[in-house]
Amino acid sequence: MKPLELDVFLCRTDNFGVLVNDPETGLTAAIDAPEEAPILEAATRRGWKITHIFTTHHHTDHVAANLALKERFGCEIIGPINEAVAIPGLDRAMADGDRFLFGNHTVNVIETPGHTAGHICYHFLDDKLLFAADTLFALGCGRLFERPAADMWHSLQKLAVLPDETAVYFGHEYTLSNARFALTVDPGNERLKSRAAEIEALRADGKFTIPTTLGLEKETNPFLRAGDPAIRRNLIMEGKTNEEVFAEIRKRKDNF
C-alpha cells in the first residue's frame with residue numbers, strides 16, 4: 001500500500017488547511033474547509049480532485065467552504081454526529097469509535113468534546129496520522145467553549161494513549177504563543193526549553209510548526225501533563241486532581 005500524500009497550507013489568518021491524497025485510488029480529503037481559495041489552489045497545484053471533506057466541528061472557520069467545495073467537486077462531507085445539524089452539506093455522520101475506509105486506509109473516529117460539544121478527530125490507524133483540529137495543538141489545546149474542563153481533559157487522554165510516533169496535524173498556527181505560555185507553568189522542563197527555542201527560530205523564518213508527535217507533546221505540552229509533580233508544585237496544586245490542575249492551566253492560558 002502506497003503511503004498517503006499530504007499538502008499543508010494556511011487558510012484565513014492562522015488556520016491550517018490540509019489535503020490528504022491516496023495515490024492508489026486518487027481519493028483526496030480536505031481536513032476541514034476553512035476557506036475555498038487556498039484549498040482550490042493546493043488541489044490545482046497537486047493535480048488532485050477533492051472527493052471528501054472530513055469535518056471536525058461546526059465552527060465557521062472550519063466549515064466555511066463546505067458547500068462551495070461540494071458544489072464544485074461533488075465531494076462527500078463526513079462530520080460529527082453530535083453536531084450534525086450545524087455541519088453544512090453533511091452526508092455521513094460519525095460517532096465515537098466509528099471506522100471507515102479511505103481507499104484502503106482505515107480511519108478511526110475519536111469523539112473529543114471540550115472545544116465544542118461534538119468535536120471529533122480522525123485517526124488513520126496504519127498510517128499513524130491524527131487530525132486533531134482544535135482539540136490538541138502543538139503545546140496547547142482548544143479553548144473550552146461548549147464543555148467543561150473535565151470533559152476536555154478526558155478527551156485529551158483518549159488521544160494520549162495513541163502511539164508516541166503518531167504525527168499530529170492541528171487546526172491553527174498557535175505554537176509560538178503556546179510555547180511561551182508553557183514555559184510559565186513548566187519552567188524547569190529542559191526539553192520544553194529547547195523546543196521553545198526551535199519554535200522561535202522556525203516562526204522567525206516564516207516556517208510552520210506542523211506536524212508534531214504525540215510523544216513530543218507528552219514530554220512538553222502542559223495540557224497533557226497535569227499529573228506532573230513539577231507543574232503541580234509550580235501551580236501550588238499538589239493535592240488537586242488532574243482535572244483541577246488542567247482547568248487551572250486552561251484558565252491561565254485564557255488570560256495569558
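Right, let's walk through the structure included here.

The rules behind the values
Sequence order as written defines residue numbering, which begins from 1 separately in each chain. Only residues with pLDDT of at least 70 get local features here, since the model is predicted, and only at 80 or more are side-chain atom pairs given and counted; chain-wide, interface and lining totals rely on the full set of residues. Side-chain metrics in this entry use all non-hydrogen atoms of the structure; hydrogen atoms and water are not considered. DSSP calls a pair of strands paired once it identifies at least 2 bridges connecting them. Helix and strand assignments come from DSSP, with helices taken as H or I runs of at least 4 residues and strands as E runs of at least 2, each series counted from the N terminus. Fitted lines through C-alpha atoms give the axes, limited to the stretch in contact for helices. The angle between two N-to-C directions lies from 0 to 180 degrees. Here, two residues are considered to be in contact whenever any of their heavy atoms come within 4.5 Å of each other. Any two of the Phe, Tyr and Trp rings considered here, Trp counted by its six-membered ring, make a pair once their centres fall within 6.5 Å; the pair's planes then place it as stacked at under 30 degrees, edge-to-face at over 60, or tilted in between. Three labels apply to residues, based on accessible area from a 1.4 Å probe with only protein chains included: buried if under 20% of the type maximum, exposed if over 50%, partly exposed otherwise in between.

What to know about the sheet that holds strand E1 (residues 5–11)
Hydrogen bonds between backbone atoms are what pair the strands of a sheet, whose relative direction is either parallel or antiparallel. On the basis of which strands lie adjacent, the open sheet formed by six strands has the order E1-E2-E3-E4-E5-E6 and mixed pairing. In this open sheet, the two edge strands, each paired with only one partner strand, are E1 and strand E6 (92–94). Looking at each pair of strands side by side, their axes are set apart by 20° on average, direction ignored. Here three bridges tie strand E3 (residues 28–31) to strand E4 (residues 52–54), and the two strands are oriented parallel to one another. Looking at E4, one finds that Ile31 is bridged to Phe54. The strands that helix H1 (residues 36–46) touches are E1 and strand E2 (15–21); relative to E1, the one it contacts most, it runs at about 150°.

Re the packing of aromatic side chains
Enumeration according to the criterion identifies 15 aromatic pairs in this entry. Ring centres of Phe16 and Phe208 lie 5.1 Å apart, and the angle between their planes is 80°; this geometry places the pair in the edge-to-face category. You can see Phe16 sitting in strand E2 and its partner Phe208 sitting in the loop between helix H6 (190–204) and strand E14 (212–213), a full 192 residues away along the chain. A residue is classified by how much of its surface remains accessible, and Phe16, at 3% relative accessible area, is buried. An aromatic cluster is defined as three or more aromatic residues linked by ring pairs; in this entry it consists of Phe54, Phe100, Phe102, Tyr122, Phe124, Phe131 and Tyr169.

Some points on the sheet that holds strand E9 (residues 120–124)
Read from one edge to the other, the open sheet built from six strands follows the order E7-E8-E9-E10-E13-E14, with strand pairing classed as mixed. The open sheet terminates on both sides in strands that have one partner only, identified here as strand E7 (99–102) and E14. The strands touched by helix H4 (residues 149–160) within the sheet are strand E8 (105–111), E9 and strand E10 (129–133), with E8 carrying the most contacts at an inclination of about 155°.

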